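So the chains spell out like this:
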Amino acid sequence: MNARTRRLTTAQALVRFLSAQYTERDGVRRRLIAGTWGIFGHGNVAGVGQALVEAGEDVMPFHQGRNEQSMVHAAVGYARQLNRLSAQAVTTSIGPGATNLVTGAALATINRLPVLLLPGDYFASHAPDPLLQQLEHPVEADVSVNDTLRPVSRYFDRITRPEALIPSALQAMRVLADPAETGAVTLALPQDVQAEAYDWPEEFFAERVWYVRRPAPDPVELAAAVEAIRSAGRPLIVAGGGVHHSEAEEALKALVEATGIPVASTQAGKGSLRHDHPADLGGIGHTGTAVSDDLARTADLVIGVGTRYTDFTTASGTLFQNPEVRFLNLNITGFDAHKLAARTLVCDAKSGLEKLREALSGHRVGQEYEAEYRSGKDRWDEVVEAAYRADDENAVPTQTQVLGALDAAVGDDDVVINAAGSLPGDLHKLWRSRSPRQYHLEYGYSCMGYEIPAGIGVQQAAPGTPVWALVGDGTYLMMPTEIVTAVQEGLPVNIVLIQNHGYASIGGLSQETGGERFGTAYRFRAADGTFTGAPLPVDLAANAASLGMDVRRAKTVRELREALAAARASDRPTCVYVETDPAPTAPPAEAWWDVPVAETASREAAVEARERYDRQVAGRRRHL
């Protein structure tokens, strides 16, 4: 090694490079790659594994995982908690370890959250082909299982020579740090190249700061947006996840208080305003509140801020029914800003909202409109109170009463995590968010198994913050393995495990769409072959205890309240296990969701479901 180069393996160089990368926004600097999750096999143990040992914990902290997919979920939870300004890497072997990354990568990219994936790959030399776990393709020798990561990655490269790492690593950091492009980034690392030495230029290891920009709105777009808002009689803001990623909550609050424009939130945007702010109307869309959806149907201007407008938000194109409705979308990506044929403000959410407030000085919506939505908000608050209320403290709790008990137990800065099942709908309608980071719903991919590992990632990002992973039995059985990691690392993640003996959400959807709850219950087979027998004798609380958690069983509302309080006070990973009363207590959906129903069928349930479907789908609009 001379003064201008350093001889290292490719893996050693990559680890050293990653340790010197930083982001900076608003004068705050963070490590871009703050740590690496890993499970080792023959595809990475002698390369990246050795490099991590060589570097040491001070250079690159290491986190031991139990499942490759859940390691990505943990990294995503970490990045979301820190507003995408810091991320983690995940290293795996080749073969099943690599393909287990695909679901997590899709989740990260769909939700626009950064994670760096470092799967092992075949030998670039092809000398020992076919090696263990290698996919052989008869006409494309450069294909490996890692190519499954291409469509779910925002950037992908296979590093087939040591020196190829330099431009690729720089591109990877650019994408991870770019709020308009970020998502999963994959650098596939052939085993032989990981261990190959090279004379690396010292400049490659110099500290680099990736400035996370806040682009301002174009003056022409801003003027058109201001004109549209001033001329609207019933404007409605739809707050999406971009409000949180940009840390634009105070800018949104200032705009709302100056203009009186109400705010409804997507799953990702909930908490953009505190629940008790007079202009906060709660969730919108299929799982939204009555007041949000009523206003959405009559709005003449919908102002989307940092939202992707998924089908849940738009009620599959049936929600915004005013014949004169128009859209104005403020988004850092042009791709999302142009949805629904909208006027666009392609800019950072915080920057754009601040400019709008300045340009709208003196403008305010009509008093009657304000009185209307505030009255609707008051009525919905009564619905929430009724759903949370438990008149008999000694009764088995319903699912909404579980949420009510948790609402009473948490502090303003606690984080509540969920992703799939019937809980997202109940939470979106009912949860009373008290701080920007409290409501952590992964509903871009709605991935069962996300909650527990994401809780670990959030706990790493915010030490000392009480974290609650809410899971049903179906989700728990998908991926409980990272409980062991929480125990190993002493991370006091709390799990609220709700036992309802099957896929409750899909069971209800199956019934609504003519599927008759087929295959959705966790029960023994009955004489006719269907899963309608007695509930399975599965003790998930015992399972959680066997993995090292403290477990508190709650059979009544009173016991549930006591268990939640004890869990919050504990400094160990704790599971609160509760079997719920299956009687539905959540308010019904206030808007439709399109799940196609069989066009022809002989069973009465499906025939009736199709009749309902045809009536609903007739209300869909194309906003052009």
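Please read these numbers as outputs of a predicted model, since none were measured by experiment.

A.B. asks: Which residues make up the overall build of the protein chain, and what are the values?
C.D. replies: Within the protein chain one finds 24 helices and 23 strands. Taken over C-alpha atoms, the radius of gyration comes to 25 Å for the protein chain, in line with the 25 Å a tight globule of 624 residues would show. Overall, the protein chain is about 75 × 70 × 55 Å in size when its C-alpha atoms are taken along their principal axes. Sequence separation of at least 24 residues holds for 76% of the intrachain contacts in the protein chain that already meet a minimum separation of 6. Roughly 24,700 Å² of accessible area belongs to the protein chain as shown, and the carbon and sulfur atoms make up 51% of that amount. Here the protein chain carries 59 positive and 77 negative side-chain charges, and the mean point of each set is 3 Å from the other.

A.B. asks: Give me a nonpolar patch on the surface: which residues, what numbers.
C.D. replies: Where nonpolar side chains cluster on the molecular surface, the patch consists of Phe524, Leu536 and Val538 and spans about 240 Å² of accessible area. Position of valine 538 relative to the elements: it lies in the loop between helix H21 (504-512) and helix H22 (540-546).

A.B. asks: Please give an account of the sheet that holds strand E17 (residues 343-346) that cites residues and values.
C.D. replies: Taking strand neighbours across the sheet as the criterion, the six strands line up as E14-E13-E12-E15-E16-E17 in an open arrangement whose pairing is parallel. Strand pairing shows two members of the sheet lacking a second neighbour, strand E14 (280-283) and E17, which therefore form its edges. Each strand axis lies, on average, 20 degrees off the axis of its neighbour in the sheet, ignoring direction. Alignment of strand E12 (residues 235-239) against strand E13 (residues 263-265), held across three bridges, turns out to be parallel. Bridge pairing in E13 places isoleucine 237 opposite valine 263. Taken strand by strand, helix H11 (residues 290-298) contacts E12, E13 and E14, and its axis lies near 100 degrees from that of E14.

A.B. asks: Describe the pairing of strand E9 (residues 184-190), and please don't skip the residues or the numbers.
C.D. replies: Within E9, seven of the seven residues are buried, which leaves it mostly tucked inside the rest of the structure. Here E9 shows no split at all, with Ala184, Thr186, Ala188 and Pro190 on one side and Val185, Leu187 and Leu189 on the other all buried. Looking at chain direction, strand E7 (residues 115-121) and E9 are connected through five bridges and run parallel. Bridging across to E9, valine 115 finds its partner in alanine 184. Here four bridges tie strand E8 (residues 155-158) to E9, and the two strands are oriented parallel to one another. Bridge pairing in E9 places phenylalanine 156 opposite threonine 186. At this point the chain moves from E8, through helix H6 (residues 165-177), to the parallel E9, and the crossover so formed is right-handed.

A.B. asks: Can you lay out unusual backbone geometry for me, pointing to particular residues and giving the numbers?
C.D. replies: With an omega of -10 degrees, the peptide bond running from aspartate 129 to proline 130 counts as cis. Note that proline 130 resides in the loop between E7 and E8. Even without being glycine, serine 316 reaches a positive phi, approximately 55 degrees. Following the sequence through the fold, serine 316 ends up in the loop between helix H12 (311-314) and strand E16 (326-331). Serine 316 gets classed as buried once you look at its relative accessible area, which sits at 9%.

A.B. asks: Quick one: what's the story with the packing of aromatic side chains, residue by residue and with numbers?
C.D. replies: For the coordinates displayed, the defined rule picks out 12 aromatic pairs. Here phenylalanine 40 and phenylalanine 62 contribute two aromatic rings whose centre-to-centre distance is 5.4 Å and whose plane-to-plane angle is 20 degrees, an arrangement assigned as stacked. With phenylalanine 40 in the loop between strand E4 (33-38) and helix H2 (45-55) and phenylalanine 62 in strand E5 (residues 62-64), the pair connects residues that are 22 residues apart, well separated along the chain. On the accessibility criterion, phenylalanine 40 (36% relative accessible area) is partly exposed. Seen in terms of ring centroids, tyrosine 503 and tyrosine 522 are 5.0 Å apart; in terms of plane orientation they differ by 75 degrees. Their pairing is edge-to-face. In this pair, tyrosine 503 sits in the loop between strand E21 (494-499) and H21 while tyrosine 522 sits in the loop between H21 and H22, placing the two residues 19 residues apart along the sequence. By the ring-pair criterion, three or more aromatic residues cluster together here, those being Phe17, Tyr198, Trp200, Phe204 and Phe205.

A.B. asks: Tell me about the nonpolar core, residues and numbers included.
C.D. replies: Within soluble globular proteins, side chains that are nonpolar tend to cluster in buried spots. Core analysis: the largest hydrophobic core is formed by 78 residues, its most contacted members being Ile237, Leu252, Leu356, Trp468 and Leu470. Looking at this core, the element that brings in the most residues is helix H15 (residues 367-388), giving six residues. Core analysis: the next-biggest nonpolar cluster, separate from the first, contains 36 residues, Leu32, Ile33, Ala55 and Met173 among them.

A.B. asks: Please set out the sheet that holds E4 residue by residue, giving values where relevant.
C.D. replies: The strand order E5-E4-E6-E7-E9-E8 describes an open sheet built from six strands, whose pairing is parallel. Two strands close off the open sheet at either side, each with one partner strand: E5 and E8. Taken pair by pair, the neighbouring strands of this sheet meet at an average axis angle of 20 degrees, ignoring direction.

A.B. asks: So what about helix H3 (residues 68-81)? Which residues, and what values?
C.D. replies: With 14 residues, H3 should reach 20 Å at 1.5 Å per residue; the first-to-last C-alpha distance of 20 Å fits that figure. Within H3, 14 of the 14 residues are buried, which leaves the element mostly enclosed by the surrounding structure. The N-cap of H3, judged by a side-chain oxygen 2.8 Å from the amide nitrogen of glutamine 69 a few residues on, is asparagine 67. One or two steps after H3, the chain reaches asparagine 83, where phi turns positive at roughly 55 degrees.

A.B. asks: Break down H15 for me, with residues and values.
C.D. replies: Over its 22 residues, H15 extends 32 Å from the first C-alpha to the last, a length consistent with the 32 Å expected when each residue adds 1.5 Å. For H15, the complete set of buried residues consists of Tyr369, Glu370, Tyr373, Gly376, Lys377, Trp380, Val384, Ala387 and Tyr388. The buried residues of H15 occupy an angular sector of 130 degrees when the element is viewed end-on, so they sit on one face. H15 presents Gln367, Glu368, Arg379 and Glu382 as exposed residues on the side facing more than 90 degrees away from its buried surface. Check the buried side of H15 and you find it contacts E12, E14, H11, helix H16 (399-409) and helix H17 (423-430).

A.B. asks: Kindly report on the packing of helix H1 (residues 10-19) against H6, identifying the contributing residues and their values.
C.D. replies: Running from N to C, H1 and H6 cross one another at 35 degrees; their axes reach a closest spacing of 11 Å. As for how H1 packs across H6, the hand of that crossing is right-handed. Listed contacts from H6 to Thr10, Leu14, Phe17 and Leu18 of H1 are Leu165, Ala169, Leu170 and Met173. Taken together, the residues of the contact of H1 with H6 break down into seven nonpolar, one polar and no charged.

A.B. asks: Hey, could you go over the pattern of salt bridges for me, with residue numbers and the actual values?
C.D. replies: For the structure shown, the criterion picks out 34 salt bridges. A salt bridge links glutamate 370 to arginine 364, with the nearest nitrogen and oxygen atoms 2.9 Å apart. On the accessibility criterion, glutamate 370 (10% relative accessible area) is buried.

A.B. asks: Can you tell me about the side chain of threonine 289, naming the residues and giving the values?
C.D. replies: Summarising the element assignment, threonine 289 is placed in the loop between E14 and H11. Given a relative accessible area of 1%, threonine 289 falls into the buried group. A distance of 3.1 Å separates a polar atom in the side chain of threonine 289 from the backbone nitrogen of serine 292. If sequence neighbours within four positions are ignored, threonine 289 has contacts with Leu281, Gly282, Gly283, Trp380, Lys429 and Glu590.

About the thresholds
Residues numbered from 1 in each chain as written. Predicted model: local features only at pLDDT ≥ 70, side-chain atom pairs only at ≥ 80, totals over all residues. Heavy atoms only, no water. Helix = DSSP H or I, 4+ residues; strand = E, 2+ residues; numbered from the N terminus. Rg over C-alpha atoms; globule rule 2.2 N^0.38 Å. Contact = heavy atoms within 4.5 Å. Areas by Shrake-Rupley, 256 points an atom, 1.4 Å probe, with all protein chains shown as cover. Lys, Arg positive; Asp, Glu negative; His and termini not counted. Charge placed at Lys NZ, Arg CZ, Asp CG, Glu CD. Patch = residues over 30% accessible without salt bridge, like charges linked within 9 Å, V, L, I, M, F, W, Y side chains within 5 Å. Salt bridge = Lys/Arg side-chain N within 4 Å of Asp/Glu carboxyl O. Pairing = 2+ DSSP bridges. Axes fitted to C-alpha atoms, helices over the stretch in contact; angles between N-to-C directions. Buried < 20%, exposed > 50% of the residue type's maximum accessible area, 1.4 Å probe, protein only. Right-handed = clockwise from strand over helix to strand, strands pointing away. Phe/Tyr/Trp six-rings, centres within 6.5 Å; stacked < 30°, edge-to-face > 60°. Core = buried A, V, L, I, M, F, W, Y, C linked by side-chain atoms within 4.5 Å. Expected span 1.5 Å × (residues − 1). Polar contact = N/O pair within 3.5 Å; in protein donor to acceptor, adjacent residues only side chain to side chain. Arc of directions from axis to C-beta. Left-handed = near helix turned anticlockwise from the far one by under 90°. Nonpolar A, V, L, I, M, F, W, Y, C, P; charged D, E, K, R; others polar.

So yeah, pure geometry; function would need other evidence.
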